[in-house]
Each structure stands twice: as C-alpha cells, then as structure tokens.
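Spelled out from the first residue to the last, the chains are:
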Amino acid sequence: TDPGAIRNFCIIAHIDHGKSTLADRMLQLTEVVDARQMRAQYLDRMDIERERGITIKSQAVRMPWTVREGERTGESAVLNMIDTPGHVDFTYEVSRSLAACEGAILLVDAAQGIEAQTLANLYLAMENDLQIIPVLNKIDLPAAQPEKYAEELAHLIGCEPEDCLKVSGKTGAGVAHLLDEVVRQLPAPKGDADAPARAMIFDSVYDIYRGVVTYIRVIDGKIEARDRIKMMSTGAVHELLEIGVISPEMLKGPALGVGEVGYLITGVKDVRQSRVGDTVTINARPAREALGGYKDPRPMVYSGLYPIDGSDYPALREALDKLKLNDAALVYEPESSAALGFGFRCGFLGLLHLEIIQERLEREFGLDLISTAPNVVYRVQIEGGDEVTVTNPSEFPAGKIASIWEPTVRATILAPNDYVGAVMELCQGRRGQLKGMDYLSSERVELRYTLPLAEIIYDFFDQLKSRTKGYASLDYEPSGEQESDLVKVDILLHGDPVDAFSAIVHKDKAYNYGVTIASKLQKLIPRQQFEVPIQAAIGSRIIARETIRAIRKDVLAKCYGGDISRKRKLLEKQKEGKKRMKMVGRVEVPQEAFIAALNTS
Ligand code: GDP
Ligand code: MG
C-alpha cells in the first residue's frame, strides 16, 4: 500500500463514553464486518472483557474507506484503527499503541463531558505528537449537551467549538463524516522505504493454535514473508511463518511496508519473546538503532495467591504457567506461609491486573484462591550496608534502616466544583501532595496530585466515588519514588508472628493498622485451652494488644449426661475441623479465620 493512502489512528475515551460501540459502527460502515457477523463490541475478544465491558488487550483492524462527501470525494484510503486498553494499569501498553498512530479521535460522551481518563489519554497522545480530532458521542441521548461540551473540549485542546464533530455510535449518525475527516485531517505515515526495516511491537497475544501473534507497525523499510526477523532488545532471531493484516480476521500477505499495521507469527510460544515496545528488524540487513521507548514490564503490586485447598497447589502452578504465556507482565515465585500453606508470590501491573488474573485462575482453571493484602515494592537502604528490594512485607530486613523508598503516582482527578473539598480531604488523608488545580469550566475542576501508590491500592477509588456521589473520576500513572517514614507492623499470635498479616505502613498509620487486624483476629479465632494474646508490634515494641480468653469447659461437657450418638458426632466434627487447622506456634487456628480476616481487610 502507498503510505500516502494510509491513516493510522486510535480512539481515546473515558470508560463507557462509547469507544467500542463507535468502533463497531466503523467496522460496519467500511464493510469489514457484515451485519450478519456483527455482534456488539466486536473487538473486545476476551470473555472477561465482554463481561466487564472493558478492553484489556489492544487490537488493530484495517478498514478500506472511500471519502464520501466534500473535499477529496472519491479518494480511497486504508484506515488502521488501533484499539487501546482503557485502564490505568496498562499505561505503558496504551503509550505503545499511541506511538503506532499518527492521529487520535478524542471521544467524549455528550451527556457527561470530559473525565479523568479523557485527560490522561489526551496527555499521552500529545506527548506522542498525535493529531487530535475532537468528537462528541451519544448525541442521540435526550440528556446530551453537545454545545456545552464542545466549548469545554475546544478550550482543552485549543480549537474552535465548531471543530468538534458530533456523532452517535448507537445510531451511526455522523460516523461516515467522521471517517471522511480522518482521511482529510490526519497525516499519512512517513518513513524511509529504503532503510533497513524497523517495526514497533504494540501488542502480542498467545493463541493456542498459532503460538504468539505479534502486532506491529512498520516505521521504515519492509518486512517480507520469507524474511528472518530479529528482536532488537534481545538479539533473538526467528523464522517468519506468516505476516499479514487484520481485517477483522488475520489475512496472510506477502509483506508489510512503511506505515502499515499488521501481524506476524514466528512460532515462539511465549509473549516474553515478543515484547510490547520492542523493535523488529530483518536479520539479513538489520537496523542499527532500535526505535525509542522500549521498557521492560515492571510489576507494581505484589500479592500472595494461595489455594484454599492445599492439594490444588500443583494445579495453581500449572495455571500460572499457562497464563504467563499470554502476559509478559505477570511474575510469580513459590512462597509458603505459616498461616496459608503453600502458594505463590505474584507481581502485577496494578490492582485491575491482579483482579483479572485471580478471576481467570478461578474461572478458567476452577481454582479456589485466597489472596493476601496487596503491597507495593519498597527499596530499603540498610544502615552502612546493602540495598534490598522488598516485595513481601514479611521479608522486610531486620537490621537498622537508613532509608525506605516507596513508589508514587501522578494522579489526575476530575470532580464537580462542589466536591473539591471532599477530594482534597481524601487525598491529604492518603499522604497526597497537591501539584496543581485547573478549572475546566465554571463547574468542573481538575486536581493533580502526587500520591504514594500504596495509598491508592487500598479502596481509594471506592472512597473517591462515595465521597463525590460517583461524580469524580480518576486516572494515574507511575511517577518515580519518594523517601517515606515507613515501618513494618507484625501481628503476633501468642508471641509468634503471623506472616500473612505483616504490613509496611506509614508510621502515623501503624497503630490503626495494628488495632484493626488484632481485633478482627480476636473475633475470628476460636478460644483455646489457654489464653492467647494477639499483639501488633513494630520490631520489639508492642503497639496494640487483644486477648482470646481460654476455654473453661471441655466441649463435651455441653452434652453432659446426653446421648452417645450426639457425642460421637461432636467428636468427629472436632476431628474434621482439626484437619484444616493451621498451627501458629502453639495456637491452632482454622484456616477460615485467616481467610476471613484477609477478605474483609
Ligand atoms: P467504551 O467503554 O468506551 O468502550 O463504551 P461502550 O462502547 O462499551 O459503551 C458504553 C455504553 O454506552 C453502552 O451501554 C453503549 O450501549 C452506550 N453507548 C455507546 N455509544 C452510544 C451512543 O451513541 N448513544 C447512546 N445512547 N448510547 C451509547
Ligand atoms: Mg470498550
């Protein structure tokens, strides 16, 4: 294809503003998918995405389009629509998808206006120098206020309100005109056709039949079906089995040239060998320099995953091994816990990523799991010694600590004017630092905060929603780390630490954490033959204490003089219960108690 006819674009929008629905209309209008094949949200392929209505993995579709009206009527173009994941955990993937485009459709719900994700994605698009087409969606809704939000949008990106297009993904109104504008307004890709080939990987997925399918955008040169390709980050060389475009299914072709978007298959079995952000070149005539922007995926949040039934441990390992094939960001290693038995310490990009993995393990592999409270990664400088990276609070170094560093995020929060106070109060309580505040209109405010990641992963979003009656929206991205006054709090049962409840918290919050967990366990752990203290401690200093009083009478005393079968039943029940008991020091605790304590925390 002549690069001059190509337009590579993505749609950026806040969740639920109608991106998938609009994409569906485009697929229909360009006749890439006919009405018979059409199903809602055609591009959201994974089940879990359909059910949650979110896009996790990005996809790309090639759509032929001939300009229908106005200037350049009759001009034929090839549109590549690249779908981006819509959630903050996947910021890096989003940035790579954007880097594969020349332009972006900025889609805003005409009944809602701009939201936090609209802004965060717009900033990313601007950093990648994309041309922006502002579009108001859902104009069919009675509550739509396209004029009002056109003002807001125009103010934000510095255009005239009349430049904002108005569409309805539901009825299809304005969508053909939008496609015409994509051809007219967005620049065609530029690249050096004679240079050694360079293509950027913006996604890779594992397919059980085909192995890893890698999505690429060619920047320079040409990749042909018979080439041997080379991954520039690792130097690994692979035989090319197939190359082609997606429209909307994979269509094998002879080559991909400058500006083209498509897929390649090499027979590798693990997405780690085909990483998002990496540069593909040709082994026979390799490019000298890789394209910029490659980053290794780095887990931001860790949690222990344990099978509720200990005999499921091998099945859990097998399931994680399978999921890893399709997820370069998932890391795990075996760990054991006195409270929970054998499991795995797993690293995730964020909370949604954790939830998705846990849900897939439970749903696709039929496992019953318990996860420990998620924690971030800390860097600990030991006095006069080494630096250690802590991914599990129970492994916090015991020696004298010189400094502790924790990851931070740059958060963008959008809220109606009336709730600014409530948002600020929440952020201050979470150790946030206000970095800036802007009025988008007379009634909507953008607040920018730096916050510790650890403070965001505990119900921050829920709190934000409830304090603003659901009107605030949030987006965030990693922004380095900061030194903080953090301590490890241990929970001791009869003098022995219960590893699953150790936590690293800010000094000012240590007492609160200790009291909450201690009183929870006090209610959940049954009485024993002896008195059991539950303590919260920082090092050797006790900061909170609860007591489980001893049982006075034998259980059987209840059946005094009673019938023998009832007595036997009771004994059997006791025996059965014992099987699921965990010994923490001298104390017998039913695993359920730990699970319950973790679940409600
Ligand atoms: P996404 O999260 O941005 O992909 O949004 P979806 O495409 O999944 O749409 C979110 C919701 O808005 C769904 O219930 C859609 O049916 C609805 N929706 C999307 N576009 C329109 C539209 O143009 N008009 C109306 N009335 N509803 C729409
Ligand atoms: Mg969607």
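What counts as what
Residues numbered from 1 in each chain as written. Chains lettered and ligands numbered in written order. Predicted model: local features only at pLDDT ≥ 70, side-chain atom pairs only at ≥ 80, totals over all residues. Heavy atoms only, no water. UniProt positions renumbered as here; feature names shortened; annotations may be inferred. Helix = DSSP H or I, 4+ residues; strand = E, 2+ residues; numbered from the N terminus. Rg over C-alpha atoms; globule rule 2.2 N^0.38 Å. Buried < 20%, exposed > 50% of the residue type's maximum accessible area, 1.4 Å probe, protein only. Contact = heavy atoms within 4.5 Å. Areas by Shrake-Rupley, 256 points an atom, 1.4 Å probe, with all protein chains shown as cover. Phe/Tyr/Trp six-rings, centres within 6.5 Å; stacked < 30°, edge-to-face > 60°. Near = heavy atom within 4 Å. Polar contact = N/O pair within 3.5 Å; in protein donor to acceptor, adjacent residues only side chain to side chain. Nonpolar A, V, L, I, M, F, W, Y, C, P; charged D, E, K, R; others polar. Axes fitted to C-alpha atoms, helices over the stretch in contact; angles between N-to-C directions. Parallel < 35°, antiparallel > 145°, perpendicular 65-115°, else oblique. Left-handed = near helix turned anticlockwise from the far one by under 90°. Pairing = 2+ DSSP bridges. Patch = residues over 30% accessible without salt bridge, like charges linked within 9 Å, V, L, I, M, F, W, Y side chains within 5 Å. Salt bridge = Lys/Arg side-chain N within 4 Å of Asp/Glu carboxyl O. Right-handed = clockwise from strand over helix to strand, strands pointing away. Core = buried A, V, L, I, M, F, W, Y, C linked by side-chain atoms within 4.5 Å.

Looking up the chain in an unreviewed UniProt entry gives the name Elongation factor 4, with the organism given as Catenuloplanes niger. Here the chain is described in UniProt, under the heading Catalytic activity (unreviewed entry), as follows: "GTP + H2O = GDP + phosphate + H(+)". Database annotation for the chain, UniProt heading Subcellular location (unreviewed entry): "Cell membrane".

Colleague: Help me understand the overall build of the chain, please; the structure alone is not making it clear to me.
Modeller: Of regular secondary structure, the chain possesses 14 helices and 34 strands. For 601 residues, the compact-globule estimate of 2.2 N^0.38 gives 25 Å, and the chain sits close to it at 28 Å. On the principal axes, the C-alpha backbone points of the chain span a range of 95 × 60 × 60 Å. Looking at the chain as a whole, 54% of its 601 residues are labelled buried. In the chain, 68% of the contacts between residues at least 6 apart in sequence involve partners at least 24 apart. Accessible surface computed for the chain: about 27,200 Å², of which carbon and sulfur atoms make up 49%.

Colleague: Looking at this model, I keep getting lost on the packing of aromatic side chains. Mind explaining?
Modeller: Two aromatic rings, taken as a pair, are described by how far apart their centres are and by the angle between their planes. Within this structure, the stated rule accounts for six aromatic pairs. Seen in terms of ring centroids, Tyr313 and Phe344 are 5.1 Å apart; in terms of plane orientation they differ by 5 degrees. Their pairing is stacked. With Tyr313 in helix α7 (residues 313-324) and Phe344 in strand β19 (residues 341-348), this pair connects stretches of sequence that are 31 residues apart. Judged by relative accessible area, Tyr313 falls into the buried class, the value being 17%. Within the aromatic cluster, the residues linked to one another by ring pairs are Tyr313, Tyr332, Phe342 and Phe344.

Colleague: Looking at this structure, how should I read the site of ligand 1?
Modeller: Taken together, 16 residues form the shell around ligand 1, and within it Asp16, Lys19, Ser20, Thr21 and Asp140 come nearest. In this structure, an oxygen atom belonging to ligand 1 sits 2.7 Å away from a main-chain N or O atom of Asp16. Within the side chain of Ser168, a nitrogen or oxygen atom sits 3.2 Å from an oxygen atom of ligand 1. The leading source of residues in the shell around ligand 1 is helix α1 (residues 19-29), at three residues. Per-class residue counts for the shell around ligand 1 are two nonpolar, nine polar and five charged.

Colleague: Just to check I follow, could you spell out unusual backbone geometry for this structure?
Modeller: Note on backbone geometry: most residues besides glycine have negative phi, and most peptide bonds are trans. Looking along the chain, the bond that leaves Ser247 and enters Pro248 is cis, with omega of -10 degrees. By the element assignment, Pro248 lies in the loop between β12 (242-246) and β13 (250-252). For Lys469, which is not a glycine, the phi torsion comes out positive at approximately 50 degrees. Looking at the secondary structure, you find Lys469 in the loop between α11 (460-467) and β27 (473-483).

Colleague: Explanation requested: the packing of helix α3 (residues 91-99) against helix α4 (residues 116-127) in the structure shown.
Modeller: Helix-helix packing is described using two parameters, namely the angle between the two axes and the distance between the axes. Taken N-terminus to C-terminus, the directions of α3 and α4 make an angle of 45 degrees; their axes are 9 Å apart at the nearest point. Looking at the two axes, α3 sits oblique to α4. The handedness of the crossing between α3 and α4 is right-handed. Residues Thr91, Val94, Ser95 and Leu98 of α3 pack against Asn121, Leu124 and Ala125 of α4. For the contact of α3 with α4, the residue count by class is four nonpolar, three polar and no charged.

Colleague: Which parts of the structure should I look at to understand the sheet that holds strand β2 (residues 60-66)?
Modeller: Strand pairing in a sheet relies on backbone hydrogen bonds, with the paired strands running either antiparallel or parallel. What the six strands build is an open sheet, ordered β2-β3-β1-β4-β5-β6; its pairing is mixed. Looking at strand neighbours, the two that pair on one side only are β2 and β6 (165-166), the edges of this open sheet. Pairing of strand β4 (residues 103-109) with strand β5 (residues 131-137), which is carried by seven bridges, proceeds in the parallel orientation. Across the sheet, Leu107 pairs through a bridge with Val135, a residue of β5. Each of β1 (6-13), β4 and β5 touches α4; the most contacted strand, β1, lies at about 150 degrees to it.

Colleague: Sorry if this is basic, but what is going on with the sheet that holds strand β16 (residues 279-282) here?
Modeller: With antiparallel pairing, the eight strands of this open sheet are ordered in space as β11-β10-β16-β7-β8-β15-β12-β13. Each of the sheet's edge strands pairs with one partner strand only, and the pair in question is β11 (237-239) and β13. Taking the axes of each pair of neighbouring strands and ignoring which way they run, one obtains an average angle of 40 degrees across the sheet. Sheet topology note: the strand β7 (residues 198-207)/β16 ladder contains two bridges and is antiparallel. Following the sheet pairing, Ala199 is matched in β16 by Val280.

Colleague: Looking at this structure, how should I read a nonpolar patch on the surface?
Modeller: On the surface, Leu434, Met437 and Tyr439 cluster together into a nonpolar patch covering about 270 Å² of accessible area. Tracing the backbone through its elements, the reader meets Tyr439 in strand β25 (residues 433-439). Exposure remark for Tyr439: the relative accessible area of 46% places this residue in the partly exposed category.

Colleague: Got a minute to help me understand the pairing of β5 in this structure?
Modeller: Within β5, six of the seven residues are buried, which leaves it mostly tucked inside the rest of the structure. Two strands pair when backbone bridges link them, and β5 and β6 are joined in this way by two bridges, in the parallel orientation. Looking at the pairing, Leu136 lines up with Lys166 of β6. One crossover worth recording links β5 to the parallel β6 by way of helix α5 (residues 146-157), and it is right-handed.

Colleague: Looking at this structure, how should I read the UniProt feature "binding site: GTP" (unreviewed entry) in the chain?
Modeller: In the numbering adopted here, UniProt assigns the feature "binding site: GTP" (unreviewed entry) to Asp16, His17, Gly18, Lys19, Ser20, Thr21, Asn137, Lys138, Ile139 and Asp140. Among the structural elements, Gly18 can be located in the loop between β1 and α1. With residues up to four places along the chain from it excluded, the contact list for Gly18 reads Leu107, Asn137 and Lys138. Position of Ile139 among the secondary structure elements: in the loop between β5 and α5. On the basis of relative accessibility, which here comes to 29%, the residue Ile139 falls in the partly exposed class. Those residues in contact with Ile139 that sit more than four places away from it in its chain are Ala110, Ala144, Pro146, Lys166, Val167 and Ser168.

Colleague: Is there a simple way to think about the nonpolar core in this case?
Modeller: Proteins that are soluble and globular tend to have nonpolar side chains buried together. One finds Leu320, Leu361, Tyr378, Ile413, Leu453 and Phe460 to be the most contacted residues of the largest nonpolar core, which totals 47 residues. The contacts of Leu453, once residues within four sequence positions are left out, are Met300, Val301, Val376, Pro407, Thr408, Val409 and Tyr476. Ala100, Cys164, Phe202 and Val205 belong to the second largest nonpolar core, which has 38 residues in total.

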